[in-house]
Amino acid sequence: MKIKVSWQQRCFDVFNVLFMLLLMVITLYPMIHVLMASFSDGEELLAHTGVLLWPKGFSLEGYTRALGNSAIVSGYKSTLFILVVGCLVNMALTIAGAYFLSRKDVMWKKPISMFIMFTMFFSGGLIPQYLTIKGIGLMDSLWAVIVVGAISTYNMIIMRTGFDSIPESLHESAVIDGAGHLTILARIMVPLAMPTIAVILLYYGVAHWNAWFSASIYLRSPGKYPLQLVLRGILLVNDTTAMTQGMGDSETWAAGETIKYAVIIIATVPILCIYPFLQKYFVKGVMIGAVKG
């Protein structure tokens, strides 16, 4: 039986579709503008005003000079090291801490949980953190960037909520069969909590990829700068001299514009490629925390 739709419902549907299309355009246009500008000729790009929906004089010079810059290459290496090692450290500590807090037979569980949650709202501040890193000899080391953000209390609470959603009967059955905590964690808890783990891994990965503040404080050697700190120098400090050597003043200014856009694309595309693979876990993992939290 066909359901009759009122004119009010039709108007709402039309308005909803138009509004969503507007949001989509607002969201996508900046990305399209940067992408098209990165493939444009520098002089034509500087002369252009208004909306940019296609390259102005197709050119790959921005990418050629950006990828030929040693700072970009070393920045990628540092960022990949921080990303891979940092995520491993993050997930190991987060999963271990969440499993501990999810057990119902832990002594003083509530005071310990309150103490951990206290760190979400209060911290010693930047100066004590800096002195601690300096005192343990990690200045000018990539490990300083990793250690500072080794675990997130918020992410650990989400992970604990994911473990809480797993039936306690599975844990009890494993204990009866003689399984220890490491076996239960590796073979039962982690496989069943993969949606939540995928979401937490995405949070940590994006945070590491976009991080630049900690690196600007603890790193002194330019060769150890992560990609985002190199990108900051290019965009904010307008430092493109290493990539425009041998050019005249006007050519340097024009090429510098396309280089900036090219570097933005180089730094953004890799992390965007990860989202499609984790999207199927993302909604489910977030909803677990929303319902159980």
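(A) Broad picture of the packing of aromatic side chains. The final tally for this structure, using the stated rule, is 9 aromatic pairs. The interplanar angle of 10 degrees and the centroid separation of 5.6 Å between the aromatic rings of Phe39 and Phe58 together place this pair among those described as stacked. With Phe39 in the loop between helix 1 (7-38) and helix 2 (42-47) and Phe58 in the loop between helix 2 and helix 3 (61-67), the pair connects residues that are 19 residues apart, well separated along the chain. For Phe39, a relative accessible area of 21% puts it in the partly exposed group. With centroids separated by 6.2 Å and ring planes inclined at 15 degrees, the aromatic side chains of Tyr130 and Tyr218 adopt a geometry described as stacked. Here the residue Tyr130 occupies a position in helix 6 (residues 126-135), and Tyr218 occupies one in helix 12 (residues 213-218), the gap between them amounting to 88 residues. A network of ring pairs unites the aromatic residues Phe39, Phe58 and Tyr63 as a single cluster.

(B) Quick peek at unusual backbone geometry. Despite not being glycine, Trp108 has its phi angle at roughly 55 degrees, a positive value. Here Trp108 is to be found in the loop between helix 4 (70-102) and helix 5 (109-121).

(C) Main features of the packing of helix 8 (residues 153-164) against helix 11 (residues 194-210). In the contact formed by helix 8 and helix 11, the axes pass within 9 Å of each other and the chain directions differ by 170 degrees. If you check the angle between helix 8 and helix 11, you find them roughly antiparallel. Listed contacts from helix 11 to Asn155, Ile158, Met159 and Gly162 of helix 8 are Thr196, Ile197, Ile200, Tyr203 and Tyr204. Across the contact of helix 8 with helix 11, the residue classes break down as 6 nonpolar, 3 polar and no charged.

(D) Inspection of the pattern of salt bridges at higher detail. Summed over the entire model, instances satisfying the criterion amount to 5 salt bridges. Of the charged contacts, one joins Lys104 and Glu168 as a salt bridge, the two residues approaching to 3.8 Å between their closest N and O atoms. Here the residue Lys104 occupies a position in the loop between helix 4 and helix 5, and Glu168 occupies one in helix 9 (residues 168-176), the gap between them amounting to 64 residues. The partner of Asp140 in a salt bridge is Lys224, and the shortest N-O contact between them spans 3.9 Å. With Asp140 in the loop between helix 6 and helix 7 (142-148) and Lys224 in the loop between helix 12 and helix 13 (227-235), this residue pair connects regions lying 84 residues apart in the sequence. Through salt bridges that share partners, Arg103, Lys104 and Glu168 make up one connected network.

Cut-offs applied
Residues numbered from 1 in each chain as written. Predicted model: local features only at pLDDT ≥ 70, side-chain atom pairs only at ≥ 80, totals over all residues. Heavy atoms only, no water. Phe/Tyr/Trp six-rings, centres within 6.5 Å; stacked < 30°, edge-to-face > 60°. Helix = DSSP H or I, 4+ residues; strand = E, 2+ residues; numbered from the N terminus. Buried < 20%, exposed > 50% of the residue type's maximum accessible area, 1.4 Å probe, protein only. Axes fitted to C-alpha atoms, helices over the stretch in contact; angles between N-to-C directions. Parallel < 35°, antiparallel > 145°, perpendicular 65-115°, else oblique. Contact = heavy atoms within 4.5 Å. Nonpolar A, V, L, I, M, F, W, Y, C, P; charged D, E, K, R; others polar. Salt bridge = Lys/Arg side-chain N within 4 Å of Asp/Glu carboxyl O.

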